[in-house]
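What follows is the residue order along each chain.
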Amino acid sequence: MRPPNQLLISLALSLCALVAFGWLSSSRLVRGMVLSLKNQEFTESARAVGASDRRIILRHMLPSFLSHIIAVITLSIPGMILAETSLSFVGLGMRAPAVSWGVLLQEAQNIRAVATAPWLLSPAFAVIITVLAFNFLGDGLR
């Protein structure tokens, strides 16, 4: 059994790795949308009237791509959940004393254990339901 400090460190490292690389695609999407909206007629007309850059961004550009940002965020959360679960499942994320869906699914790897205790597969159903719920939420908000 690992000491609690090592558990917190492994949790922090796995979450930092996921966060460090998870925001890159979302930022590229937002940057592309801002650059495309920057040259639209409604932003040029607001600039010609004398609106400040902050006002143009907040009043004209943000409402135009806010729905896309919400959809991207709600669709990237399932990716993060699946990444953390799979890293914990293969042993690169959280380890046994910690509670994670991947750690719980490690116990269900043995077919004999599943045959005698089928409830060990319940984390798999929880992951599937959670990922589908976030995907449906993202589609609904879009």
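Up top is the structure these notes are about.
Criteria and cut-off values
- Residues numbered from 1 in each chain as written.
- Predicted model: local features only at pLDDT ≥ 70, side-chain atom pairs only at ≥ 80, totals over all residues.
- Heavy atoms only, no water.
- Helix = DSSP H or I, 4+ residues; strand = E, 2+ residues; numbered from the N terminus.
- Contact = heavy atoms within 4.5 Å.
- Areas by Shrake-Rupley, 256 points an atom, 1.4 Å probe, with all protein chains shown as cover.
- Buried < 20%, exposed > 50% of the residue type's maximum accessible area, 1.4 Å probe, protein only.
- Patch = residues over 30% accessible without salt bridge, like charges linked within 9 Å, V, L, I, M, F, W, Y side chains within 5 Å.
- Salt bridge = Lys/Arg side-chain N within 4 Å of Asp/Glu carboxyl O.
- Core = buried A, V, L, I, M, F, W, Y, C linked by side-chain atoms within 4.5 Å.

A few points about the overall build of the chain
Here is step 1 of the chain: Helix and strand content of the chain: seven helices and zero strands.
Here is step 2 of the chain: When the elements of the chain are put in sequence order from the N terminus, they spell out α-α-α-α-α-α-α.
Here is step 3 of the chain: Taking the intrachain contacts of the chain between residues at least 6 apart in sequence as the baseline, contacts between residues at least 24 apart amount to 51%.
Here is step 4 of the chain: Accessible surface, the chain as shown: approximately 9,600 Å² in total, 68% of it carbon and sulfur.

As for the environment of Ile-57
Here is step 1 of the chain: Take Ile-57: it is sitting in helix α4 (residues 53-90).
Here is step 2 of the chain: Using a relative accessible area of 45% as the deciding quantity, one classes Ile-57 as partly exposed.
Here is step 3 of the chain: Ile-57 sits 20 residues away from Leu-37 along the chain, and the two C-alpha atoms are 9.7 Å apart.

Some details on the environment of Val-99
Here is step 1 of the chain: Here Val-99 lies in the loop between α4 and α5 (101-107).
Here is step 2 of the chain: Here the alpha-carbon distance between Val-99 and Ser-88, two residues 11 residues apart in the chain, equals 9.8 Å.

Concerning a nonpolar patch on the surface
Here is step 1 of the chain: A cluster of nonpolar side chains, Leu-121, Phe-125, Ile-128, Ile-129, Leu-132 and Phe-136, forms an exposed patch at the surface whose accessible area comes to about 610 Å².
Here is step 2 of the chain: Positionally, Leu-121 belongs in the loop between α6 (111-116) and α7 (122-141).

Quick word on the nonpolar core
Here is step 1 of the chain: Within the largest apolar cluster, seven residues are counted, these being Met-33, Leu-37, Ala-46, Ala-51, Ile-56, Met-61 and Phe-65.
Here is step 2 of the chain: The set of elements that each furnish at least two residues to this core consists of α2 (24-38) and α4.
Here is step 3 of the chain: Among the elements that line this core, the one with the most residues is α4, at three residues.
Here is step 4 of the chain: Non-local contacts of Met-61, meaning those with residues more than four positions away in its chain, are made with Val-34, Leu-37, Lys-38, Thr-43 and Ile-56.
Here is step 5 of the chain: In terms of nonpolar packing, the next biggest core, distinct from the first, is built from five residues, Ala-108, Ala-113, Val-114 and Leu-120 among them.

By themselves, these figures tell us nothing about what the structure is for.
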